[in-house]
Amino acid sequence: MASSTTRKCSRIIRTASGDRKIPLVASHGTASWVEEEGTIPESDDAFGQITIGAHKIASMIKVSDELLQDSVFDIESYIATEFARRVGDAEEAAFISGDGSGKPYGLLHTTNGATTGVTAASATALTSDELLDLIYSLKSPYRKRAVFLMHDSTIKAIRKLKDGNSQYLWQPGMKEGEPDRLLGYRLVTSTHMPVIAADAKPILFGDLSSYWIADREGRSMQRLNELYAATGQVGFRVTQRVDGRLVQTEGVKCLAMIRYGAHSKKLSRARRQRMGRGRQAHVPARRDRRRRRGLVRFAPWRRMCFALYRRQRGGHSGRAPGGLQPPSERPARSGRHGKRTGRVR
């Protein structure tokens, strides 16, 4: 029976009927130092619980009677293998990104999944320092059995990273069958993990046995001989009831990519706060200078007045917005109070 990547690393439990309630430790008590004959303080653990149910996953294939009779290979064995591939693929997608609506909660669920250990500074690239930060964002007890989970395209990007000595961070398996390692930790891949993109979570790191998978009655395949007899076909269906949940959310961390524009928006907001109103004070003066140089367009009514003025002046090319006289025709100022004494020739 084919198995998904997440299922191989997770904890599997069997449930007979009904929902399974799993107790969780919400907070731990502490020990205290006491004097001789002193009173020992109480310090209880707080417990919570989550519920794991059973969601149904199914698929069906119809095969003609002729194909069953004339096939040169075991068609039923092929159908069983195909069902295993389909169910395993659907399981893997749900165990990683399921939303809990008719399917399990995935590892990347916003509230019931892994928490963010580190946020990348870029929306399109990773650094070796960010991978180290992700590793040490996980508590040490969980790092003993921790693995990396990511998409093949993410692995390709990481294989190009080097340390300060120009040595690749990637450590290929030295023996046949031995998994590759990244910074000393085992690495597994899944096609259902997000790729490197803005606001995505392309890397999971942690002890995946913190994710529990509850199987109910296992996988069942049934042959339907009579249902499609009128059309000369035989049906095959497969069903499975399963649920999954990250029981210990602190046992797995994810690396998140920054959103596009998040850094630039923060920077522009900080710049506005730093500059305050000082910059705005210079805007009117700058606009007036540009208007005097003819770089700012006038309103339509001012352009119309200027056109009429040019027509009266016989096509004079001077700039006189709003019907004003051009500089060459304005009277010069003189005296202390700026009285006009004559015209500039």
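Asks: Looking at this structure, I do not really get the pattern of salt bridges. What am I missing?
Replies: Any two side chains of opposite charge can pair, on the condition that their charged atoms come close. Following the criterion strictly, the structure yields eight salt bridges and no others. Across the pair E76 and R223 runs a salt bridge whose closest N-O atoms are separated by 2.3 Å. On the criterion of sequence distance, the pair formed by E76 in helix α3 (residues 75-97) and R223 in strand β11 (residues 211-224) is long-range, its members being 147 residues apart. What makes E76 partly exposed here is its relative accessible area of 34%. For R223, a relative accessible area of 38% gives the class partly exposed. Ionic contacts of the salt-bridge type, sharing partners, join the residues R7, R14, E91 and D215 into one network.

Asks: Quick question: what am I supposed to make of unusual backbone geometry here?
Replies: Of note, E37 is a non-glycine position whose phi angle comes to about 60°, a positive value. Position of E37 among the secondary structure elements: in the loop between β2 (20-27) and β3 (46-52).

Asks: Explain the sheet that holds strand β6 (residues 147-150) here, please?
Replies: Either a parallel or an antiparallel arrangement is found when strands of a sheet pair, and the pairing is made through backbone hydrogen bonds. A sheet is described by the order of its strands in space; here seven strands give the open sequence β5-β13-β10-β6-β9-β8-β7, paired in mixed fashion. The open sheet is flanked by β5 (115-119) and β7 (170-171), the only strands paired with a single partner. Bridge count between β5 and strand β13 (residues 252-256): four bridges; the pairing is parallel. Bridge assignment links V118 to a residue of β13, and that residue is L255.

Rules used in this analysis
Residues numbered from 1 in each chain as written. Predicted model: local features only at pLDDT ≥ 70, side-chain atom pairs only at ≥ 80, totals over all residues. Heavy atoms only, no water. Salt bridge = Lys/Arg side-chain N within 4 Å of Asp/Glu carboxyl O. Helix = DSSP H or I, 4+ residues; strand = E, 2+ residues; numbered from the N terminus. Buried < 20%, exposed > 50% of the residue type's maximum accessible area, 1.4 Å probe, protein only. Pairing = 2+ DSSP bridges.

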